[in-house]
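# Summary of the model geometry
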Amino acid sequence: MDKLKIGLAGLGRIGKIHLENLSRYFPEAEMMAVMDVSEETAAIAAKYQVQHFYDNFGEMLTKHRLDAVVICSPTDTHADYVEMAATTGLDIFCEKPLDLSLERVKAVLKTVDEHQVKLMLGFNRRFDPEFKKIHDLVQQEAVGDPQIIKITSRDPGPPPVSYIKVSGGLFLDMSIHDFDMARYISGKKVVEVFAAGAVKVDEAIGAAGDIDTALITLIFEDQSMAVIDNSRKAAYGYDQRLEVFGSKGMVQAENKFQSNHKLLTANGLTGDLPLYFFLERYEESYRLEMKAFLDALASGETIPGGGLDGLLAMEIGLAARKSMEENRAVKISEIGIQPKMKDHECI
Ligand SMILES: NC(=O)c1ccc[n+]([C@@H]2O[C@H](COP(=O)([O-])OP(=O)(O)OC[C@H]3O[C@@H](n4cnc5c(N)ncnc54)[C@H](O)[C@@H]3O)[C@@H](O)[C@H]2O)c1
């Protein structure tokens, strides 16, 4: 079988991870070209033995007969790049979020649909083996009828305020992963959101118009619930936990630690801290999500975590923001755009 010819845009933190994985682990894929606007592009291309590199996305598409692109550039480039790739007939893996405007996301999904290309969004946590195990157990009804999902997602430290200003805010930048996780685990539609937010970590984040601490309650269509707690700074590192409580029992995924030792002395019990941040904690999930993307391209099967999942997570984020601002529960139907649910395309 011919190798899948891939072009990759954006060689920052996440772009380098995907490039490394594509270069090292997937012989069925051939890294044809990379692009970035940075002066380091040539050096990175050389390091990963990618022959062609560009500073213009359109040029990369026209110079090569690619099969797919992997988009890891800043969020404000995603919508344009996805549209350019879709109109060229390429399948697309794009980092989340697709855009910060719901209208723009809808327009992009329409273009993707019209050109019948595949689009997968980087909801990597679905591929984390710990969380996937919980998902599978819930689907097998191991905890019976799920009643409460609890998601803890706290970063080890806030990003720079310059990042916060263009991030779309905590709900769209950070909690969006948790909204997708809640939908993925429950397999149900979220109908209502109640959110509270505060600035408890850094006043500069508040001055930039954002929050750094949040509690969000999601109500699903069957009245089961999810509660999400977010903070931009946990003193002990990256805190990523998940629990599902149901009619027959409860299942939990704990943090992953730098080592699993426990030291017991006369002074008490000590151990290592959790893995520091997403690059370490979710390393395996990035590899597995890329495998899922390539497998779906090879088999023609449905992409897991597609564009509609991105849109639905974004709707929850907008409802959370409205709820916090208006200090009331907000129905998802108030958010305006209800896409036609195509069951095969999402969850
Ligand atoms: N799924 C995840 O876990 C995860 C984690 C981090 C970031 N992200 C997402 O990935 C995207 C990139 O984030 P990052 O942390 O790697 O950022 P980054 O700042 O580390 O890297 C961005 C890269 O894009 C390049 N760039 C800037 N303008 C460009 C353009 N017009 N075209 C192509 N490249 C351009 C920059 O030079 C830089 O190399 C963001 O959308 C972010 O939300 C996802």
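Heads up: these notes are all about the structure in this document. (Residues numbered from 1 in each chain as written. Predicted model: local features only at pLDDT ≥ 70, side-chain atom pairs only at ≥ 80, totals over all residues.)

## Let's talk about the overall build of the protein
- In terms of helices and strands, the protein carries 13 helices and 15 strands.
- For the protein, whose C-alpha radius of gyration is 20 Å, the value lies close to the compact-globule estimate of 20 Å for 347 residues.
- The proportion of buried residues among the 347 residues of the protein is 44%.
- For the protein, contacts bridging at least 24 residues in sequence account for 71% of all contacts bridging at least 6. (Helix = DSSP H or I, 4+ residues; strand = E, 2+ residues; numbered from the N terminus. Rg over C-alpha atoms; globule rule 2.2 N^0.38 Å. Buried ≥ 20, exposed ≤ 12 C-beta atoms within 10 Å, placed from the backbone. Contact = placed C-beta atoms within 7 Å.)

## Looking at the site of the ligand
- Within the structure, the ligand sits among 22 residues, and Gly10, Gly12, Ile14, Ser73 and Glu95 are positioned closest to it.
- Counting only elements with at least two residues in the shell around the ligand, the list comes to α1 (13-25) and α4 (75-87).
- It is α1 that provides the largest number of residues to the shell around the ligand, a total of three residues.
- Split by residue class, the shell around the ligand holds nine nonpolar, nine polar and four charged. (Near = placed C-beta within 6 Å. Nonpolar A, V, L, I, M, F, W, Y, C, P; charged D, E, K, R; others polar.)

## Things to note about the sheet that holds strand β4 (residues 68-71)
- Within the open sheet, the six strands sit side by side as β3-β2-β1-β4-β5-β6. Their pairing is parallel. Each end of this open sheet is capped by a strand with a single partner; those strands are β3 (52-54) and β6 (119-121). Sheet twist, expressed as the mean angle between neighbouring strand axes with direction ignored, is 20°.
- Note: strand β1 (residues 4-9) against β4, four bridges, orientation parallel. By the bridge assignment for β4, Ala9 is matched with Ile71.
- Packed onto the sheet, α1 meets β1, β2 (29-35) and β4 and runs at close to 150° relative to β2. (Pairing = 2+ DSSP bridges. Axes fitted to C-alpha atoms, helices over the stretch in contact; angles between N-to-C directions.)

## Let's talk about the pairing of β2
- The buried fraction of β2 amounts to six of the seven residues, a majority that puts the element mostly inside the structure.
- Tracing the backbone out of β1, into α1 and back to the parallel element β2 gives a crossover that is right-handed.
- Where β2 and β3 come together, three bridges link them in parallel fashion. Note that in β3 the partner of Val34 across the bridge is Phe53.
- With helix α2 (residues 41-47) bridging β2 and the parallel β3, this β-α-β connection has right-handed handedness. (Right-handed = clockwise from strand over helix to strand, strands pointing away.)

## Let's talk about the sheet that holds strand β12 (residues 250-253)
- Spatial ordering of the open sheet is given by β12-β11-β7-β10-β9-β8-β15, a layout of seven strands whose pairing is mixed. Single-partner strands in this sheet number two, and they are β12 and β15 (330-331).
- Summarising the sheet, strand β9 (residues 213-220) and strand β10 (residues 225-231) pair through seven bridges and their orientation is antiparallel. Bridge pairing in β10 places Ile216 opposite Ile228.
- Most of the contacts of helix α13 (residues 307-326) go to strand β8 (residues 190-198), to which it runs at about 50°, and overall it touches β8, β9 and β15.

## Let's talk about the environment of Phe131
- Tracing the backbone through its elements, the reader meets Phe131 in helix α6 (residues 129-139).
- Sequence separation between Phe131 and Met31 is 100 residues; the distance between their C-alpha atoms is 30 Å.
- Ignoring anything within four residues of it in the chain, the contact list for Phe131 reads Arg125, Met181, Leu242 and Ala253.

## Observations concerning the nonpolar core
- Grouped together as the largest cluster of nonpolar side chains are 93 residues, with contacts concentrated most on Ile71, Val82, Ile92, Val193 and Ile316.
- Top contributing element to this core by residue count: α13, with 10 residues.
- Mapping this core onto the domain boundaries places at least three of its residues in each of domain 1 (4-117) and domain 2 (125-281 + 306-345). (Core = buried A, V, L, I, M, F, W, Y, C linked by C-beta atoms within 7 Å. Domains from an automatic or database assignment.)

## With respect to unusual backbone geometry
- Cis geometry marks the peptide bond from Lys96 to Pro97, where omega comes out at -15°.
- Even without glycine at this site, Gln116 takes up a positive phi of about 50°.
- Considering the arrangement of structural elements, one finds Gln116 in the loop between α5 (102-114) and β6.
- Looking at Gln116, the number of C-beta atoms within 10 Å reads 9, which means it is exposed.
- Phi angles above zero are rare outside glycine, and Glu141 is one such case at about 60°.

## Concerning the pairing of strand β5 (residues 91-94)
- In β5, alternate side chains face the same way, and those of Asp91 and Phe93 on one face and Ile92 and Cys94 on the other are all buried.
- Relative to β5, β4 runs parallel, the two sharing four bridges. Each bridged residue has a counterpart across the sheet, and for Val70 the counterpart in β5 is Phe93.
- In this region the chain leaves β4, passes through α4 and returns to the parallel neighbour β5; the handedness of that crossover is right-handed.
- Pairing between β5 and β6: three bridges, direction parallel. Across the sheet, Phe93 pairs through a bridge with Met120, a residue of β6.
- Read from β5 through α5 to β6, the crossover connection turns out right-handed.

In short, the description is geometric, and any link to function would need to be established separately.
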